[in-house]
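Coordinates in review
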Amino acid sequence: MFRRLPKFEYLVPKTIAEACTMLAKYNGQAKVIAGGTNLLPQMKWRQITPGFIIGLTNIAGLDTIEYSESEGLKLGALTKIRAIEQSSIIRGKFPLLAQAASLLGSVEIRNVATVGGNLCNASPSANTASPLIVLGTKAKIVSDTREKVIELEEFFKGSNETVLGSSEILTELQVPNMPLGSAGAYIKLGIRSTPVDRAIVGVAVLITLNPKSKACEDAKIALGAVAPTPMRAKKAENSLIGRELDDRVIEEAAAIASQEARPITDVSASEEYRRGMVKVLTRRAIKQSLEQMK
Amino acid sequence: MKQAIELKVNGQVYELQIEPWRTLLEVIRDQLELTGTKESCSDGNCGACTVLMDNKAVNSCLVLAVEAQGKNIVTIEGLAKEGKLHPIQEAFVEYGAIQCGFCTPGMVMTTKAFLDENPNPSEGEIREAIAGHLCRCTGYFQIIEAIRGAVEKSDVAKRKA
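Everything in this summary refers to the structure shown in the same document. (Residues numbered from 1 in each chain as written. Chains lettered and ligands numbered in written order. Predicted model: local features only at pLDDT ≥ 70, side-chain atom pairs only at ≥ 80, totals over all residues. Heavy atoms only, no water.)

A few words now on the environment of B:Asn120. Residues and elements named next belong to chain B. Structurally, the position occupied by asparagine 120 is in the loop between helix 3 (104–117) and helix 4 (123–129). Counting along the chain gives 95 residues from asparagine 120 to leucine 25, while the straight-line C-alpha distance between them is 31 Å. The contacts of asparagine 120, once residues within four sequence positions are left out, are Glu125 and Val151. (Helix = DSSP H or I, 4+ residues; strand = E, 2+ residues; numbered from the N terminus. Contact = heavy atoms within 4.5 Å.)

The structure is reproduced here in structure tokens:
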């Protein structure tokens, strides 16, 4: 790596539309910067060397946390991870999201990193991805001509690859209220016990129980770091729905999730270890969710 | 390629001409000659470059100097007042938390922001707070003790006041 960044020109758009126009104008030569905690290291390692950096931090209104009972949470893409971690709204209404935010890097990183940046960098292990996916989040994407809203699950195309076009910018995450009688958890396994490390395996779970029968009405399980993108363990989810979640049923779902995962062996962990840990973390995350509902 | 920027560091406003690719860390050390803030990993892993930006601990190696404008920046040099060490600095000295001293400015700045927000932390919270800092000398034990000592100092000071 180089300790100095490669040279670039820094552009300051006043609006998102202007930022999109700049991206279109410089056609592949330009990158937007949100917090910069992924972008700058990638540039120092010369993985990318954009000639133009488009600063988003001065555009008003991209970092707000808005909540309403009717519409749920609207999270600006430039919201800092630390703000998500500490937001009383998110801790109260979407605790697994606050939990996941608290497990991203160090305090120093969280004070600067943004949720939009975490998602657009699209690491297979992105901390905020799997919790937002189980929460049924939608992503608002803006270009200079139009805006669209897609399911966050459809946002990821491959490892470090999203569906964003070259002049599109993610501006907002829309998170619906958690269903009544639901609870969730996010567990991240790193190499060391400190969360500063990238996840070797991440599991997010959202369980909804029928208020009368206590049987599982809905289950969402999203796995991180065990496929090129964050992935839903749909077979595992289906194995839970309609059933009472005793230890045996949970164990079965955890085993199925472990089979659905598509981990690889890399410098951090082996495929076998990752697969084994999917089972452990899925079991734990389901149990943690149920604990919250007692 | 240089542009004019204005940075507020340790209460003083500096008018500088810098290129957009310079990080806050580079400008602090090279332009402002405030070399208390250290460069180690350069990519946000070690915490040696930690400064406070609007009272939040950040890795200055990952902040573009142009984007640090309009923020209140405090470096390790900004902690001592009129030659008197900040209680956190005193505690680090007393508890033997400083060996080679390279991680120390970063540790102290993070501790300052942490204790401002959480004046009565548990040991677990202290450990989490410094998770973004690597120390090759002490094994962290004395640093954690020093932070606890700083908490006690401020308790004693509050009771006396």
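Each partner contributes residues to the interface: chain A has 30 residues there, and chain B has 29 residues. Each partner contributes to the roughly 2400 Å² buried at the junction of chain A and chain B, and carbon and sulfur atoms together form 57% of this total. For the chain A face of the interface with chain B, the top three residues by lost area are A:Arg4, A:Tyr10 and A:Glu108, together amounting to 25%. On the surface where chain A and chain B come into contact, there are four salt bridges. Its salt-bridge partner being B:Glu39, residue A:Arg3 comes within 2.9 Å of it at the nearest N-O pair. Taken together, the links from chain A to chain B amount to twelve residue pairs in polar contact (both at pLDDT 80 or more). (Buried area = accessible area lost by both parts, 1.4 Å probe. Salt bridge = Lys/Arg side-chain N within 4 Å of Asp/Glu carboxyl O. Polar contact = N/O pair within 3.5 Å; in protein donor to acceptor, adjacent residues only side chain to side chain.)

This paragraph deals with the sheet that holds strand 3 (residues 50–53) of chain B. Backbone hydrogen bonds hold the strands of a sheet together, and the pairing may be parallel or antiparallel. Residue and element names in this part refer to chain B. Spatially, the five strands line up as an open sheet ordered 2-1-5-3-4, and their pairing is mixed. With one partner strand each, in any of the chains shown, strand 2 (12–18) and strand 4 (56–59) form the two edges of the open sheet. Each strand axis lies, on average, 40° off the axis of its neighbour in the sheet, ignoring direction. As paired strands, strand 3 and strand 4 are joined by four bridges and run antiparallel to one another. Looking at the pairing, methionine 53 lines up with lysine 56 of strand 4. Sheet strands in contact with helix 1 (residues 24–31) are strand 1 (3–9), strand 2, strand 3 and strand 5 (72–74), and its direction is about 100° off that of strand 2. Packing of helix 3 onto the sheet brings it into contact with strand 3, strand 4 and strand 5, and relative to strand 3 it is tilted by some 30°. (Pairing = 2+ DSSP bridges. Axes fitted to C-alpha atoms, helices over the stretch in contact; angles between N-to-C directions.)

Interpretation note: all reported values are geometric properties and have no functional meaning in isolation.
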